[in-house]
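# Observations on chain architecture
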Amino acid sequence: MAKRPLHPRSLAAQAMGKIDPLTKGVVTPIHIATTYIRDEDNAYSSGFVYGRPDNETVREAESVLAMLEEAKAGALLFGSGMAAATAVFQALSPGDHVVASKVMYWALRSWLLTEATRWGLKIEFVETDDLAALKAAVKPGVTKLVWAETPSNPLWTITDIAAAAEIAHAAGAKLAVDSTCASPVHTRPLTLGADIVMHAATKVLNGHSDVVAGALCAREDDAFWNRVKTVRKMQGGILGPFEAYLLMRGMRTLHVRQERQTASAMALAQKLSAHPLVARVLYPGLPQHPGHDIAARQMQHGFGYMLSIQVTGGERAAVKAAAHVELYKRATSLGGVESLIEHRASIEGPGSPCPVDLLRLSTGIEDVEDLYNDLDQALKAGHA
Ligand SMILES: *Cc1c(COP(=O)(O)O)cnc(C)c1O
């Protein structure tokens, strides 16, 4: 690679510039071996012992993500976002106190309330965008982890990562950030003081709705990170080499996808704010969003690809509008090149902080005018 320091987009576009040593191919091969030859003295001078922890394709994808997140201690890929997230909690000890965002990815919240509690973790949910509430919940010497999702699903509240890190560290706790909906193009939480970043790589990192994967990145190679590594290695929540290859291929175009998706999300948020059948647009890029000022500080190159709308006419109009989309795909998940729409309250069920009149929009790379026109006709059909 060039001698000058390169922009992350250049490094990502070439997957760190790696060339296949045998053929000089500009794309490296997918490594599929599950076991490796030992040296004559039984050592493993290659550094590769067995397929569960050791796979070169997985490591190459990890090196791209570690670069993007400026993760000094590196990145670890997992078989899903949930496998990555739960590994952080499983690296804690029974009795440890955890403070987590009240508004967060629904399946993780549900796992924390059921499985994590069974394993003896004490979980407390607070609005992590409310720093006074966060400070009051964190117990010095007792709280071991603060888990914040920002922007948080599906209201897109913004947690001040630098301030949350200060509060966590003052109490002797780590800060982990689920940055799935920001992506490293917009926010690099480790540079703001977070200790661990988690991604559902299934979403915008891969970007094509064809891989389930998760990732963790860390700032310091300390005892806690080594616990996380052990959890992955021993419990086996690894990513396969084919998925790692697809993820790496996806990350090569992350910057261009994010630019298009984010610009379109902003344009949609602005236009929908003036739509007579939209009561409220939730998007951190809008000046009236409660987290806008913090988002403007901790997000670069725009405010992400996710927004939600609350429709006039309540739950019935929202469900009906989603039923009438033609270009948007009515499906769960987010971050792909195709735009998705979802009525979240009906999937999250009772106890969800999600309003019943809310539709979540994941913005793809289609023509933004086509996207707006599709929503416009669907909203009108929802009111007919
Ligand atoms: C999808 C998602 C997850 C879980 O990831 P999976 O790959 O589906 O297990 C976690 N956090 C957020 C914010 C997500 O959107």
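Residues numbered from 1 in each chain as written. Predicted model: local features only at pLDDT ≥ 70, side-chain atom pairs only at ≥ 80, totals over all residues. Heavy atoms only, no water.

## A few points about the domain arrangement of the protein chain
Here is the rule we go by: Segmentation of the chain into domains, including their bounds, is taken from an automatic or database domain assignment. Contact criterion: two residues are considered in contact whenever any of their non-hydrogen atoms come within 4.5 Å of each other. The quantity reported as buried area is the accessible area (1.4 Å probe) lost by two parts once they are put together, taken as the sum for both.
Considered domain by domain, the protein chain is made up of domain 1 (8-252) and domain 2 (255-382). Placing the centre of domain 1 and that of domain 2 at their C-alpha centroids yields a distance of 26 Å. The interface of domain 1 with domain 2 comprises 37 residues on the first partner and 41 residues on the second. Summing the contributions of domain 1 and of domain 2, the shared interface buries around 3000 Å²; its carbon and sulfur component is 57%.

## Digging into the packing of aromatic side chains
What counts here: Here is the rule: rings of Phe, Tyr and Trp (six-membered ring for Trp) pair when centre to centre is within 6.5 Å. Planes less than 30 degrees apart are stacked, more than 60 are edge-to-face, and the remainder are tilted. Counting from the N terminus, the helices are DSSP H or I runs at least four residues long and the strands are E runs at least two residues long. Classification of residues uses two cut-offs on accessible area relative to the type maximum, computed with a 1.4 Å probe and protein chains only: under 20% is buried, over 50% is exposed, and between them is partly exposed. The rule is short: NZ of Lys or CZ of Arg within 6 Å of the ring centre and within 35 degrees of the ring normal puts a charge over the ring.
Taken as a whole and assessed by the stated rule, the structure comprises 3 aromatic pairs. Ring centres 4.9 Å apart and planes at 40 degrees place the aromatic pair F89 and W147 in the tilted group. With F89 in helix α3 (residues 81-90) and W147 in strand β4 (residues 143-149), the pair connects residues that are 58 residues apart, well separated along the chain. Judged by relative accessible area, F89 falls into the buried class, the value being 1%. When the ring centre of F48 is taken as origin, the NZ or CZ atom of R59, which lies over that ring, is 4.4 Å away. Taking NZ or CZ as reference, R109 lies 4.7 Å from the ring centre of F125, over its face.

## A few points about the side chain of Q258
Mapped onto the secondary structure, Q258 falls in helix α10 (residues 254-273). Relative accessible area serves as the criterion here: at 0%, Q258 is assigned to the buried category. Contacts of Q258, omitting those with residues within four sequence positions, involve A182, S183, V185, H186, V204 and Y305.

## Here we look at the nonpolar core
The tendency in soluble globular proteins is for nonpolar side chains to be buried as a group. Put simply, the test is: Residue types Ala, Val, Leu, Ile, Met, Phe, Trp, Tyr and Cys, when buried and joined through side-chain atoms within 4.5 Å, form a set referred to as a nonpolar core.
Residues L65, L68, L77, L205, C217, L247 and M251 are the most contacted members of the largest nonpolar core, which totals 40 residues. When contributions to this core are tallied by element, the ones reaching two or more residues are α1 (8-13), α2 (56-69), β1 (74-78), β7 (214-218) and α9 (241-251). The element that contributes the greatest number of residues to this core is α2, accounting for 7 residues. Not counting residues up to four positions away in its chain, the partners in contact with L68 are P8, A12, P184, R188, M251, L254 and H255. Within the second largest apolar cluster, 32 residues are counted, among which are L286, A295, I309 and L371.

## What about the packing of α3 against helix α4 (residues 106-118)?
Angle between the axes and distance between the axes are the two parameters that describe a pair of packed helices. Cut-off, in case you're wondering: Comment: axis = line fitted to C-alpha atoms, over the contacting stretch for helices; angle = value between 0 and 180 degrees taken between N-to-C directions. Crossings are sorted by hand: turned counterclockwise from the far helix by less than a right angle, the near helix makes the crossing left-handed, and turned clockwise it makes it right-handed. When residues are sorted by character, Ala, Val, Leu, Ile, Met, Phe, Trp, Tyr, Cys and Pro go into the nonpolar class, Asp, Glu, Lys and Arg into the charged class, and all the rest, Gly among them, into the polar class.
Contact pair α3 / α4: the axes reach a minimum separation of 11 Å and the direction vectors enclose 30 degrees. α4 is crossed by α3, and the crossing has right-handed handedness. When α3 is examined against α4, the residues M82, A85, T86, F89 and Q90 are found in contact with a partner set consisting of A107, L108, W111 and L112. In the contact of α3 with α4, the residues fall into 7 nonpolar, 2 polar and no charged.

## Section: the sheet that holds strand β6 (residues 196-200)
Here is the rule: A pair of strands is treated as paired once DSSP finds two or more bridges between them.
Spatially, β1-β7-β6-β5-β4-β2-β3 is the arrangement adopted by the 7 strands of the open sheet, whose pairing is mixed. The open sheet has two edge strands, β1 and β3 (122-126), and neither has a second partner. Going across the sheet, the axis of each strand differs from the next one's by a mean of 20 degrees, ignoring polarity. Where β1 and β7 come together, 5 bridges link them in antiparallel fashion. Residue A75 lies in a different strand from β7, and its bridge partner there is C217. Sheet strands touched by helix α8 (residues 223-235): β1, β5 (174-178), β6 and β7. Its angle to β1, the strand with the most contacts, is close to 25 degrees.

## What to know about the state of the cysteines
Cut-off, in case you're wondering: The criterion for a disulfide is a pair of cysteine sulfur atoms lying within 2.5 Å.
Under the criterion given, the structure shown has 0 disulfides. Its sulfur unpaired, C217 is 16 Å from the next cysteine sulfur, which belongs to C181. Judged by its relative accessible area of 0%, C217 falls in the buried class. Free of any disulfide, C354 has its nearest cysteine sulfur in C181, 13 Å distant.

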